[in-house]
Amino acid sequence: MSYAIIRNEKYTRSSLMGIYRHNERKNTSYTNKNINHQKSNQNYSIKSCDINYLKKFDQIRQDYNLKGWIKKNSNIVCEYIITSDEEFFKSIGEDETKRYFKTAYEFVKNYKNLGEEYILSANVHLDEITPHMHLTFIPVVHSFDTKSGKQVEKLCCSEFWKGKDSYKILQDNFHKYMVRSGFDLERGIKNSDNKNIKIKEFKKITRKLNNQLNIKNESLNKAMDELQDKMNSNKETIFDKEYE
């Protein structure tokens, strides 16, 4: 069984240009050897960003008058990486793979009442081993200001991810949403809910899952071949006895 996988990464202002160049494939060279540049033209955006993430962040913050005190080391943007395993995407085909990522986008848009306006971009990468989506967003909390008596939009990453079970709740809700949408998947990666897994480490985990599935499939195919050989051998034995 394959997993419904969603993981979160947090970024400070100084990191935004780097993730923009990676997600939008703006770099001329990459340390990631799994990128097949001949397939990069197959990548697509569910929500594109017409300017870099730094400028987009400043634009959204001003347009929506986002409150919140930002320090130099404050996390101001989050990024979900959303995927499953290679075998899963092969089995469901191209159209259902597109629906998978579109469905995941709809989940993010509504989760914690985020709102699509706070999503910077959503890029689906098909030029690596396993299809996946990088979805960057501003962690905005909707709160009520008792002084003004009005609802305010506040940028606050720590409050958006408040509680030690925040990632577990994310995994639970994402899995339920994807299953209700018709995808036959198990929930998350076991025992990793509350770990802030780095993107590089996370991709290693998904590659490991792919390898494990490939090994299981090879073992299954081998067992099926052996069973077929035994069945053929039994048929031949019965046939020979019958007509001796």
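The coordinates are above.
Residues numbered from 1 in each chain as written. Predicted model: local features only at pLDDT ≥ 70, side-chain atom pairs only at ≥ 80, totals over all residues. Heavy atoms only, no water.

**Comments concerning the sheet that holds strand β8 (residues 186-187)**
For step 1, the next point in the chain: What the six strands build is an open sheet, ordered β2-β4-β5-β3-β1-β8; its pairing is mixed. Looking at strand neighbours, the two that pair on one side only are β2 (44-47) and β8, the edges of this open sheet.
For step 2, the next point in the chain: Across the face of the sheet, helix α2 (residues 53-63) comes into contact with β3 (75-83), β4 (119-125) and β5 (132-137) while running at roughly 145° to β4.
For step 3, the next point in the chain: Its contacts with the sheet place helix α3 (residues 86-110) against β1 (3-12), β2, β3, β4 and β5, and it is angled at close to 155° to β3. (Pairing = 2+ DSSP bridges. Helix = DSSP H or I, 4+ residues; strand = E, 2+ residues; numbered from the N terminus. Contact = heavy atoms within 4.5 Å. Axes fitted to C-alpha atoms, helices over the stretch in contact; angles between N-to-C directions.)

**Some remarks on unusual backbone geometry**
For step 1, the next point in the chain: Of note, Arg25 is a non-glycine position whose phi angle comes to about 55°, a positive value.
For step 2, the next point in the chain: Here Arg25 lies in the loop between α1 (16-23) and β2.
For step 3, the next point in the chain: Arg25 sits in the buried class, given a relative accessible area of 17%.
For step 4, the next point in the chain: A positive phi is found at Lys112, a non-glycine position, where the angle reads about 55°. (Buried < 20%, exposed > 50% of the residue type's maximum accessible area, 1.4 Å probe, protein only.)

**Comments concerning helix α5 (residues 166-180)**
For step 1, the next point in the chain: Helix length check: α5, at 15 residues, gives a terminal C-alpha distance of 21 Å against a target of 21 Å (1.5 Å per residue), a fit within 8%.
For step 2, the next point in the chain: Turning to α5, its buried residues number three or more, namely Ser166, Tyr167, Leu170, Gln171, Phe174, His175 and Met178. Buried residues along α5 cover an arc of 165° about the axis, so they all sit on one side.
For step 3, the next point in the chain: Buried residues along α5 sit against β1, β3, α3 and β8.
For step 4, the next point in the chain: Backbone geometry just downstream of α5 places Gly182 in the positive-phi region, at approximately 100°. (Expected span 1.5 Å × (residues − 1). Arc of directions from axis to C-beta.)

**A few points about the pairing of β5**
For step 1, the next point in the chain: Here β5 lies mainly inside the structure; six of its six residues are buried.
For step 2, the next point in the chain: Side chains of β5 alternate between two faces, with His132, His134 and Thr136 and Met133, Leu135 and Phe137 buried alike.
For step 3, the next point in the chain: Across six bridges, the pairing between β3 and β5 is antiparallel. What sits directly across from Cys78, in β5, is Phe137.
For step 4, the next point in the chain: By the bridge criterion, six bridges tie β4 to β5 in an arrangement that is antiparallel. In the strand pairing of β5, Ser121 is matched with Thr136.

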